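# Report on the structure
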Amino acid sequence: MNRRKFLHSLAGAAATSAIPHFAWAKVPATTVQNVRVATGLLAMWQSTAWLGAEAGVFAKRGIDLTLPAIAVGGPEAAAGLVRGDWEFAHTGTVPVAEEVLKGHDVVILATPTSDFPKSFVMTRKEITELAQLAGKKVGVLTDTGQTSTAARITIEKAGATATYLPLVKFDRIYAALTDGEIDAGALPIDLRFSGQALHGWNAFPIDAFDVPSIFATTRKLIASNRQLVMNVMQGFVETIHLFKTQPDVVVPLLQRYVKIDDRKAAEDLYAYHVPVFQRIPRPSFAGMQTLREFLAARYPAAASLSESDVADPSFIDELERNGFIDRLYAADVR
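As the structure is a prediction and not an experimental result, all values here were calculated from the model.

## Some thoughts on the packing of helix H4 (residues 93-101) against helix H12 (residues 288-296)
Any two packed helices are characterised by the angle at which their axes cross and by the distance between the axes. Remark: H4 packs on H12, axes separated minimally by 11 Å, with the N-to-C direction vectors making an angle of 55°. Taken together, H4 and H12 sit at an angle that is classed as oblique. Considering how the two elements wind past one another, H4 and H12 form a crossing that is right-handed. Here Thr93, Val94, Ala97, Glu98 and Leu101 of H4 come into contact with H12, specifically with Leu291, Phe294 and Leu295. Of the residues assigned to the contact of H4 with H12, the class counts are six nonpolar, one polar and one charged.

Shown next as structure tokens:
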């Protein structure tokens, strides 16, 4: 047994002992299905699929869920769905909307979290206002991703025209800012606290369009194997329940995922995220009009883009209607 499988088995055993057993469906080994998931960012709010895989939630439903592409950037996570490189992606709303406007097959199944200040423009300590970034270098993930675009808009609203350097991963942005190669960088809440504590950096919340991160697949997969998609969504919703209710199981796993050695720092970050994960993660886009206006310059059809064009809430609707979600949380109050 290799190291990853060994860790997986330990985590799964711990999680299984902590989670109500009515939730699990025993599945014969011969029906196990392979599912691949990509994430746009390495961040706690995009940890659900990885956490569920490591805790054994998906395995109990006959799903061998792997993550071949972690933190590949939002546009690549969405584009990989179109190419068939993976079946599901946890990414931003903007990349998915862009693929839809290009005529490609991508559809949102869930919004795991409500919108919250999850990304920040972090600046060197001597830069105390975003307007001071005029002519400075700012590290971003990609040229067109949701977080990167939102960071650019936030800085431009402050009256600064900066140079943006795509560095692909948050840890590279963090390292470049530490080394003085850039003057500011778009970083997640996961790294905000350490940046402030260790380096005295300043943090400015990024204007995120009021559109959340999402979990997506393709309509083609839904049409060809709706039961598989439903099984994945059951596991996904169940992992959110695990996140919200089992810190002793979740925090050590998240320390590995977001690479936080300090247990207290991980616990604080976990506590910050618990209330923003949604018990019923139905697709919802309060900032849809802002999204339309932002995309309309490049895609004229964006002016009439609707939620039904980009999202399929039927799986979350069914899990709510059939009592699956209520049964998960009912065990917590017994």
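## What to know about the packing of aromatic side chains
In this description, an aromatic ring pair is defined by two values, namely the gap between the centres and the angle between the planes. For the structure on display, the rule yields six aromatic pairs. Their ring planes at 5° and their centres at 5.5 Å tell us that Phe88 and Phe215 sit as a pair that is stacked. Here Phe215 lies in strand E10 (residues 213-217) and Phe88 lies in strand E3 (residues 88-92), a separation of 127 residues in the sequence. These aromatic residues form a ring-pair network of at least three members: Phe88, Phe215 and Phe236. Note that Arg152 overlies the ring of Tyr164, its terminal NZ or CZ placed 4.7 Å from the centroid. The side chain of Arg192 reaches across the aromatic face of Phe120, ending 4.6 Å from its centre.

## Description of the nonpolar core
Counting 67 residues, the largest nonpolar core has Leu65, Phe88, Phe215, Met233 and Phe243 as its most contacted members. With ten residues, helix H9 (residues 226-245) is the single largest residue contributor to this core. The next biggest cluster of nonpolar side chains, apart from the first, holds 25 residues, and it includes Val100, Leu101, Val106 and Leu295.

The rules we used
Residues numbered from 1 in each chain as written. Predicted model: local features only at pLDDT ≥ 70, side-chain atom pairs only at ≥ 80, totals over all residues. Heavy atoms only, no water. Axes fitted to C-alpha atoms, helices over the stretch in contact; angles between N-to-C directions. Helix = DSSP H or I, 4+ residues; strand = E, 2+ residues; numbered from the N terminus. Parallel < 35°, antiparallel > 145°, perpendicular 65-115°, else oblique. Left-handed = near helix turned anticlockwise from the far one by under 90°. Contact = heavy atoms within 4.5 Å. Nonpolar A, V, L, I, M, F, W, Y, C, P; charged D, E, K, R; others polar. Phe/Tyr/Trp six-rings, centres within 6.5 Å; stacked < 30°, edge-to-face > 60°. Lys NZ or Arg CZ within 6 Å of the ring centre and 35° of its normal. Core = buried A, V, L, I, M, F, W, Y, C linked by side-chain atoms within 4.5 Å. Buried < 20%, exposed > 50% of the residue type's maximum accessible area, 1.4 Å probe, protein only.

In short, geometric facts, not functional conclusions.
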